[in-house]
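Observations on the model geometry
Residue strings, one per chain:
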Amino acid sequence: MPRSNRPRRAKTGRATPGNAAGGGKHGSGPVPELDLERARAGIARRESAPDGVWMVRTMTARKAEKAYICPGCSTAVLPGIAHLVVWADDHLFGEAAGLAERRHWHTNCWTSRNFRYR
């Protein structure tokens with residue numbers, strides 16, 4: 001007789017260890033609500049440009065808590081303003097050095113920057 005691949009469920013409606021009502025192997029607590037803004041903002045993306053390869057991470061207005069100077073326009077990126085955090089991915093001294101030299105840019109300054117051709 002062939003085996004059935006269907007999961008077996010209790011006929012009485014009681015929770016079994018594999019049932020969602022019983023908790024199972026994935027935990028028994030409530031599922032925390034997903035913060036979509038935090039999930040989208042925390043991931044760095046790689047951008048390739050004539051001036052190098054850059055890692056770019058979006059900083060949301062809620063997460064921006066300090067003031068920085070934008071290297072594109074030399075004005076302040078104030079707290080509460082959404083902006084970009086940018087660092088070199090192809091730094092001469094490695095990833096750690098590139099990350100240590102990260103800069104905070106206004107989004108418009110980063111997209112409209114002039115490339116220096118060598």
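Because the structure is a prediction, the values reported are computed rather than measured. (Residues numbered from 1 in each chain as written. Predicted model: local features only at pLDDT ≥ 70, side-chain atom pairs only at ≥ 80, totals over all residues. Heavy atoms only, no water.)

Brief notes about the side chain of H83
Cut-off, in case you're wondering: Runs of E in the DSSP output that reach at least two residues are strands. Runs of H or I that reach at least four are helices, and both are numbered from the N terminus. Three labels apply to residues, based on accessible area from a 1.4 Å probe with only protein chains included: buried if under 20% of the type maximum, exposed if over 50%, partly exposed otherwise in between. Any pair of N or O atoms that falls within 3.5 Å is considered a polar contact. Within protein, one atom must be able to donate a hydrogen and the other to accept it, and sequence-neighbouring residues count only if both atoms are side-chain atoms.
Among the structural elements, H83 can be located in strand 5 (residues 83-88). Given a relative accessible area of 1%, H83 falls into the buried group. A polar side-chain atom of H83 sits 2.9 Å from the main-chain carbonyl oxygen of I81.

Points about the sheet that holds strand 2 (residues 52-59)
The test is simple: Here, any two strands with at least 2 DSSP bridges between them count as paired. Working convention: axes come from line fits to C-alpha atoms, limited for helices to the stretch in contact. Angles between N-to-C directions cover 0 to 180 degrees.
The 4 strands lie next to each other as 1-2-5-6, forming an open sheet whose pairing is antiparallel. Strands at the two margins of the open sheet, each flanked by one partner only, are strand 1 (45-49) and strand 6 (103-105). Pairwise comparison of adjacent strand axes, ignoring direction, gives a mean angle of 35 degrees for this sheet. When strand 1 meets strand 2, the two strands line up antiparallel, connected through 5 bridges. Each residue of the ladder has a partner; that of S48, found in strand 2, is V53.

Observations regarding the nonpolar core
Formally: Nonpolar core, defined: a set of buried Ala, Val, Leu, Ile, Met, Phe, Trp, Tyr and Cys residues in which side-chain atoms within 4.5 Å join the residues together.
Counting 10 residues, the largest nonpolar core is built from W54, V56, C70, V77, L84, V86, A88, W105, C109 and W110. Mapped onto this core, the elements with two or more residues apiece are strand 2, strand 5 and helix 3 (107-111). Examining the composition of this core, we find that 3 residues originate from one element, strand 5, more than from any other. Membership of the second largest hydrophobic core comes to 5 residues, among which are M55, M59, V85 and W87.

Re the pairing of strand 5
A large share of strand 5 lies buried, amounting to 6 of its 6 residues. Burial of the side chains of strand 5 extends over both faces: H83, V85 and W87 are buried on one face and L84, V86 and A88 on the other. Note: strand 2 against strand 5, 6 bridges, orientation antiparallel. Along strand 5, the bridge assignment pairs W54 with A88. Direction of pairing for strand 5 relative to strand 6: antiparallel, over a ladder of 3 bridges.

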